[in-house]
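Here's the letter readout for the chains.
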Amino acid sequence: MSVRTWWRGGRLLCSYRRRSPVGGGGLGGPGGDFPELKNDSFLRAACGEETQHVPVWCMRQAGRYLPEFRETRAAKDFFETCRSPEACCELTLQPLRRFPLDAAIIFSDILVVPQAMGMDVQMVPGKGPTFPEPLKEPDDLQRLRAKVDVATELDYVFKAITLTRHKIEGKVPLIGFTGAPWTLMTYMIEGGGSTTHSKAKRWLYLYPEASHKLLKQLTDIIVEYLLGQVEAGAQALQVFESHTGCLGPAEFKEFSLPYLRDIARRVKDKLKDSGLDNVPMIVFAKDGHYALEDLSESHYEVMGLDWTIDPRSARERTGGKVSLQGNMDPCALYAPKEQIGEIVKRMLEGFGTRGYIANLGHGLYPDMDPEHVGAFVEAVHTHSQRLLKLK
């Protein structure tokens, strides 16, 4: 068994064993001896290392744009699918069969955490995620489970990760993920999606103490959840703070940033104490233009960027403290394939080829052409290899 480690500025960034120890139990159950990893370009880029090509994956790469995904999911309840390790494994692997992606992300949903806390969440066709009984006042916090047994309530996610690590056969690394506390809080109070998030923001101004209580409770669960994912076989972790854009800088620094930092710091400390690999962690704070400097010092190895941020500016403002991920406008995939290649080329020239993971600035949309997704992946590999030869 060999171990790869990466350092930046005297700080251990991440490491991974080329073969996992036999019988790794813990929250995720028996891990077994996982197949040897064949393509580590994503992990190397996450840790700031040079790679033979820029690695690429797509948020929501397992999704409704794929006919096989729609066929697998036909007439099945969304969260019922999420609770089936076999179904999640199959959906995770589908895009890898089509495209030469450099990472996979486990198929699941961020709202499994509120479900574990005792809230009813339904996926309503044509509407999206819906909470029939959202939190309205601070007294409603008493409806939440005071103590969540993460190992029991989210065991199906851990089983899906372990199964997928075996089925993926070491082709690429597997990413685990969670929603961030503020993003989950917005859903739990709004009762679903929102354009203004005014109900959740009302809590911040009227009930700051109760807001922090909920955010702290979510943070504690998320830390255990992410640790369980690593024990189950996840080789990287992404934290989705999808609703950063509805906060101003002051509110972000009070109600989001401290919890993002706490998650990364506690996960890393507990991994170290448990003797587990220090896997790279990615923070994706959508529309967080004002927070690049703060996020680059928040204990994550990688910062995901949406499409509204200029690559060169992001490099300058983060000062080489983190690797960057993103950030092509998903709607660019509606363009002709030749134009997709030109957009990718400009993006790569802006970010450079080191410490960079190509991705979209948000997830794939259901009506996108799989062939255009393939053109995006191919363009990243082709143009990055050319740029590397010019060095």
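Here we summarise the structure given alongside this text. The shown structure was predicted, so the numbers you read here are calculated from the model rather than taken from an experiment.

## As for the side chain of Glu-241
Mapped onto the fold, Glu-241 is located in strand E7 (residues 236-241). The side chain of Glu-241 sits in the buried core without any salt bridge; Arg-261 is the nearest counter-charge, 12 Å away.

## Let's talk about the sheet that holds strand E8 (residues 281-285)
Within a sheet, each strand pairs with its neighbour through backbone hydrogen bonds, oriented either parallel or antiparallel. With parallel pairing, seven strands are arranged side by side in an open sheet as E3-E6-E7-E8-E9-E10-E11. A strand with exactly one partner marks an edge of an open sheet, and here the two such strands are strand E3 (104-105) and strand E11 (356-360). Sheet topology places E7 next to E8; five bridges connect them, and they run parallel. Looking at the pairing, Leu-237 lines up with Met-281 of E8.

## Describing the layout of surface pockets
Looking at the largest pocket, its volume works out to about 1300 Å³. Forming the walls of the largest pocket are 40 residues, and the residues nearest its centre are Arg-60, Arg-64, Phe-78, Asp-109 and Met-123. Broken down by secondary-structure element, the contributors of at least two residues to the lining of the largest pocket are helix H2 (67-73), strand E4 (122-124), strand E5 (128-130) and helix H8 (181-190). Taken together, the residues of the lining of the largest pocket break down into 20 nonpolar, 12 polar and eight charged.

## Things to note about the environment of Asp-149
In this structure, Asp-149 sits in the loop between E5 and helix H6 (150-153). For Asp-149, a relative accessible area of 43% corresponds to the partly exposed category. A sequence separation of 76 residues divides Asp-149 from Tyr-225, and the C-alpha atoms of the two residues are 9.9 Å apart.

## Quick word on helix H10 (residues 208-232)
Counted at 1.5 Å a residue, the expected span for H10 with its 25 residues is 36 Å, and the 36 Å between its end C-alpha atoms agrees. At the C-terminal side of H10, Gly-233 shows a positive phi close to 130°.

## Points about the nonpolar core
Counting residues in hydrophobic clusters, the biggest one holds 130 residues, and the most contacted among them are Met-328 and Phe-376. Leaving out residues up to four positions away in the same chain, Met-328 has contacts with Trp-307, Leu-333, Ile-340, Ile-343, Val-344, Met-347, Asn-359, Leu-360, Gly-361 and Phe-376.

## Quick look at the side chain of Ser-298
Turning to its location among the elements, Ser-298 is positioned in the loop between helix H13 (292-295) and strand E9 (302-304). Here Leu-295 takes part through its backbone oxygen, which lies 2.5 Å from a polar atom of the side chain of Ser-298. Setting aside chain neighbours within four positions, we find Ser-298 in contact with Leu-257, Leu-260, Arg-261 and Ala-264.

## What about the pattern of salt bridges?
All told, the structure shown has 19 salt bridges when counted by the stated rule. Put simply, Asp-287 and Lys-286 hold a salt bridge, and the shortest N to O gap is 3.2 Å. Judged by relative accessible area, Asp-287 falls into the partly exposed class, the value being 26%. Among the charged side chains, a network of salt bridges with common partners joins Lys-216, Asp-220, Asp-262, Arg-265 and Arg-266.

## Thoughts on the packing of aromatic side chains
According to the stated counting rule, one finds nine aromatic pairs in the structure shown. Pairing Phe-69 with Phe-107 gives two aromatic rings, centres 5.7 Å apart and planes at 65°, and the pair type is edge-to-face. Of this pair, Phe-69 sits in helix H2 while Phe-107 sits in the loop between E3 and helix H5 (112-116), placing them 38 residues apart in sequence. A single burial state applies to Phe-69 and to Phe-107, both of which are buried. Arranged with centres 5.7 Å apart and planes meeting at 85°, the rings of Trp-203 and Tyr-207 form a pair that is edge-to-face.

## As for the packing of helix H9 (residues 198-206) against H10
Put simply, H9 and H10 touch, their axes get as near as 5 Å, and they point 115° apart. Facing Trp-203, Leu-204, Tyr-205 and Leu-206 of H9, the residues of H10 in contact are Pro-208, Ala-210 and Ser-211. Of the residues contributing to the contact of H9 with H10, the split by class is six nonpolar, one polar and no charged.

Cut-offs applied
Residues numbered from 1 in each chain as written. Predicted model: local features only at pLDDT ≥ 70, side-chain atom pairs only at ≥ 80, totals over all residues. Heavy atoms only, no water. Helix = DSSP H or I, 4+ residues; strand = E, 2+ residues; numbered from the N terminus. Buried < 20%, exposed > 50% of the residue type's maximum accessible area, 1.4 Å probe, protein only. Lys, Arg positive; Asp, Glu negative; His and termini not counted. Salt bridge = Lys/Arg side-chain N within 4 Å of Asp/Glu carboxyl O. Pairing = 2+ DSSP bridges. 1 Å grid on protein atoms, 1.4 Å probe; cavity = no way out; pocket = protein on both sides within 12 Å on 5 of 7 lines; lining within 4 Å. Points joined across faces, edges and corners; volume = space filled by probe spheres on them. Nonpolar A, V, L, I, M, F, W, Y, C, P; charged D, E, K, R; others polar. Expected span 1.5 Å × (residues − 1). Core = buried A, V, L, I, M, F, W, Y, C linked by side-chain atoms within 4.5 Å. Contact = heavy atoms within 4.5 Å. Polar contact = N/O pair within 3.5 Å; in protein donor to acceptor, adjacent residues only side chain to side chain. Phe/Tyr/Trp six-rings, centres within 6.5 Å; stacked < 30°, edge-to-face > 60°. Axes fitted to C-alpha atoms, helices over the stretch in contact; angles between N-to-C directions.

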